Amino acid sequence: MAAVGSVHPSGLPAHPKAPATLARLQAFRAGLYACCPSRADALVDLADALLSTQGPVASLPQLSLEPAHRRGWGSTYAALARGRIDAERLRDLLAGCLPPADPLVFAVDVTTWPRCDAECSPERGLYYHPSRHSAGQPIVAGWAFQWICQLGFARDSWTAPVDARRLHPLEDTDQTAAVQIRALVARLTAGGPVPWFVFDAGYDSAQLSLDLTEAPVAVLVRLRSDRCFYADPPPRPPGTGGRPRRHGAKFAFADPATWPTPTTSLVCQDDQYGTVTVQAWAGLHPKQHRHPGHGSGGPRPIVRGTIVRVQVQRIPAKTRPPKVLWLWWAGPDGLQLDLDLAWRAYVRRFDCEHTVRFCKQTLGWTTPRPRHPTQADRWTWLVLAGYTQLRLARQLTADARLPWERPRPPSKLSPYRVRRGFPRLLCTLGSPAAAPKPSGSSPGRPKGHRSGPALRHPAVKKPATRAHQEAQEEAD
């Protein structure tokens, strides 16, 4: 019997679960084909070429030269321009392929597709970019996509993307995230563990908790180190008149003198971070500025949650002293906060950034230059489907390592090395797409026809709301 990690003569690793994993991958590919009502053959061939090319994707015409792409280069552009992908059906397919996990932890993050010079592309907005600048400011014009990825606690960079939605420049990021989360929860298995959703500091913790009050989810959001929260006010003395107090003692992150005794605390040891000290204060609330009744003159809602403070001894591969991490946690009634899970879940949130970077730099998610945002949506779904196929093929591909690389077992292969061995697996999988049929030469553009200049669309600048201005004034 072949040992685990060896290669079968057919090209597949001799893994005991290889037949079931192969069947699951073939079912996903058939489901992807069914999610394309129009030009399904060209879209599936384009997805196979995306996973077959060696090295990063340089352009769409380069993908048409791959053997897996059996059609001409014109079908590549036609598939993105006139093809159709049923997004809701594909979301169901991605949710059905999630790896089993308890607890369920998802990361929500926004990333930008820069389209600075695309004046003819509509629905572009102005967004922050860490490395590209415009007029000396880290701002670019482009499309913003909000991703949701399932996280794992293994020490690798794999995630499971389940949704990616393009944001209109005037849409509220927090409300759109709540809509995506409610739709995802409806697709998950009923009666399972309560899913956790982890956010970075760019999201409004109280607004998310308010929008997801009725959803059976737990929210974990990073907070700035200069925030202030408040406890409930003490009971009013008998016979006291006037308006009742809404806020009690102040809890300032920057002032330890305002911290009461923690509700719960935890001290544990970790191989990477050393001694980890976690403290939590329950029943605190902020002064809410963004709420559905803003501007109506009514009382502001009180959104209560738990403030978590995380202090680690060291940071892996860093020489500077670690900073204190502040988190907001809110969950359904009856759910107890697990402090060990809370800080580890936020640490794993960075795996989502590794996935986005791999999709951008290797799979070429932001490499094409489509004019219309609907074409960018179709290409985004193909990239998500391609990454999911790599994750499902993790136990099936042999390690096609370079001579100077260390050998790794199938369970330790990175997404880049799985993609390197995927073309050999594709010969075994086959393609659900039909073979191309010769159609002759295109008649081309009619004689004397002129398209004329394309319509220009300036980037949409989101106006600053009064609630945002009040929040900035409070922070100052």
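First, a word on what this report is: a plain description of the structure on this page.

What counts, and where the lines are drawn
- Residues numbered from 1 in each chain as written.
- Predicted model: local features only at pLDDT ≥ 70, side-chain atom pairs only at ≥ 80, totals over all residues.
- Heavy atoms only, no water.
- Helix = DSSP H or I, 4+ residues; strand = E, 2+ residues; numbered from the N terminus.
- Rg over C-alpha atoms; globule rule 2.2 N^0.38 Å.
- Buried < 20%, exposed > 50% of the residue type's maximum accessible area, 1.4 Å probe, protein only.
- Contact = heavy atoms within 4.5 Å.
- Areas by Shrake-Rupley, 256 points an atom, 1.4 Å probe, with all protein chains shown as cover.
- Lys, Arg positive; Asp, Glu negative; His and termini not counted.
- Charge placed at Lys NZ, Arg CZ, Asp CG, Glu CD.
- Core = buried A, V, L, I, M, F, W, Y, C linked by side-chain atoms within 4.5 Å.
- Salt bridge = Lys/Arg side-chain N within 4 Å of Asp/Glu carboxyl O.
- Phe/Tyr/Trp six-rings, centres within 6.5 Å; stacked < 30°, edge-to-face > 60°.
- Polar contact = N/O pair within 3.5 Å; in protein donor to acceptor, adjacent residues only side chain to side chain.
- Pairing = 2+ DSSP bridges.

Comments concerning the overall build of the protein
- Counting its regular elements, the protein contains twelve helices and twelve strands.
- Its C-alpha radius of gyration of 25 Å places the protein within 12% of the 23 Å reference for a compact globule of 476 residues.
- Burial status across the protein gives 46% buried among its 476 residues.
- For the protein, contacts bridging at least 24 residues in sequence account for 68% of all contacts bridging at least 6.
- With the model as given, the accessible surface of the protein reaches about 24,300 Å², and the carbon-plus-sulfur share is 53%.
- Taken as two groups, the 61 positive and 38 negative side-chain charges of the protein have centres that lie 6 Å from each other.

Observations concerning the nonpolar core
- The biggest cluster of nonpolar side chains holds 82 residues, and the ones touching the most others in it are Trp147, Val310 and Trp379.
- For this core, the leading source of residues is helix α10 (residues 373-392), giving ten residues.
- In this structure Trp379 touches Leu46, Leu50, Leu60, Leu63, Leu80, Trp113, Leu363, Gly364, Trp365 and Pro368, once residues within four positions along its chain are discounted.
- Counting residues in hydrophobic clusters, the runner-up holds 34 residues, among them Leu104, Ile181, Val219 and Val303.

Structural notes on unusual backbone geometry
- Note that the residue after Asp102, namely Pro103, is joined by a cis bond; omega there is 10°.
- Along the polypeptide, Pro103 turns up in the loop between α5 (87-96) and β1 (105-114).
- Of note, the phi angle at Arg39 is positive, near 55°, even though the residue is not glycine.
- Looking at the element boundaries, Arg39 is found in the loop between α1 (18-34) and α2 (40-52).

Remarks on the pattern of salt bridges
- In this structure the tally under the stated criterion is 24 salt bridges.
- Between Asp351 and Arg348 there is a salt bridge, with the nearest N and O atoms lying 2.6 Å from each other.
- Overlapping salt bridges, with partners in common, bring together Glu88, Arg91, Asp92, Asp163 and Arg187 in one network.

With respect to the packing of aromatic side chains
- Summed over the entire model, instances satisfying the criterion amount to 23 aromatic pairs.
- Measuring from centroid to centroid gives 5.0 Å for Phe251 and Trp281, while their planes differ by 55°, and the two rings are tilted. Here Phe251, found in strand β8 (residues 250-252), pairs with Trp281, found in strand β10 (residues 274-284); they are 30 residues apart in sequence, far enough to count as distant.
- Overall, Phe251 belongs to the buried group, its relative accessible area being 1%.
- With a centroid separation of 6.0 Å and 65° between ring planes, the pair formed by Phe358 and Tyr387 is classed as edge-to-face.

Considerations on the environment of Leu396
- Mapped onto the secondary structure, Leu396 falls in the loop between α10 and α11 (415-429).
- On a C-alpha basis, the gap between Leu396 and Pro316 in space is 32 Å, while along the polypeptide they are 80 residues apart.

Focus on helix α8 (residues 339-347)
- Every buried residue of α8 is listed here: Leu339, Leu341, Ala342, Trp343, Ala345 and Tyr346.
- The backbone nitrogen of Asp340 has a side-chain oxygen 3.2 Å away, supplied by the residue at the start of α8, namely Asp338.

Looking at the side chain of Arg29
- With respect to the element layout, Arg29 can be found in helix α1.
- When its relative accessible area of 4% is taken as the criterion, Arg29 is described as buried.
- There is a polar contact of 2.9 Å between the side chain of Arg29 and the side chain of Asp48.

A closer look at the pairing of strand β2 (residues 125-128)
- Judged by which residues are buried, β2 turns out to be one-sided: Gly125 and Tyr127 face inward and are buried, whereas Leu126 and Tyr128, on the alternate face, are not.
- Summarising the sheet, β2 and strand β3 (residues 139-151) pair through four bridges and their orientation is antiparallel. If you follow Tyr128 over to β3, its bridge partner there is Ile139.

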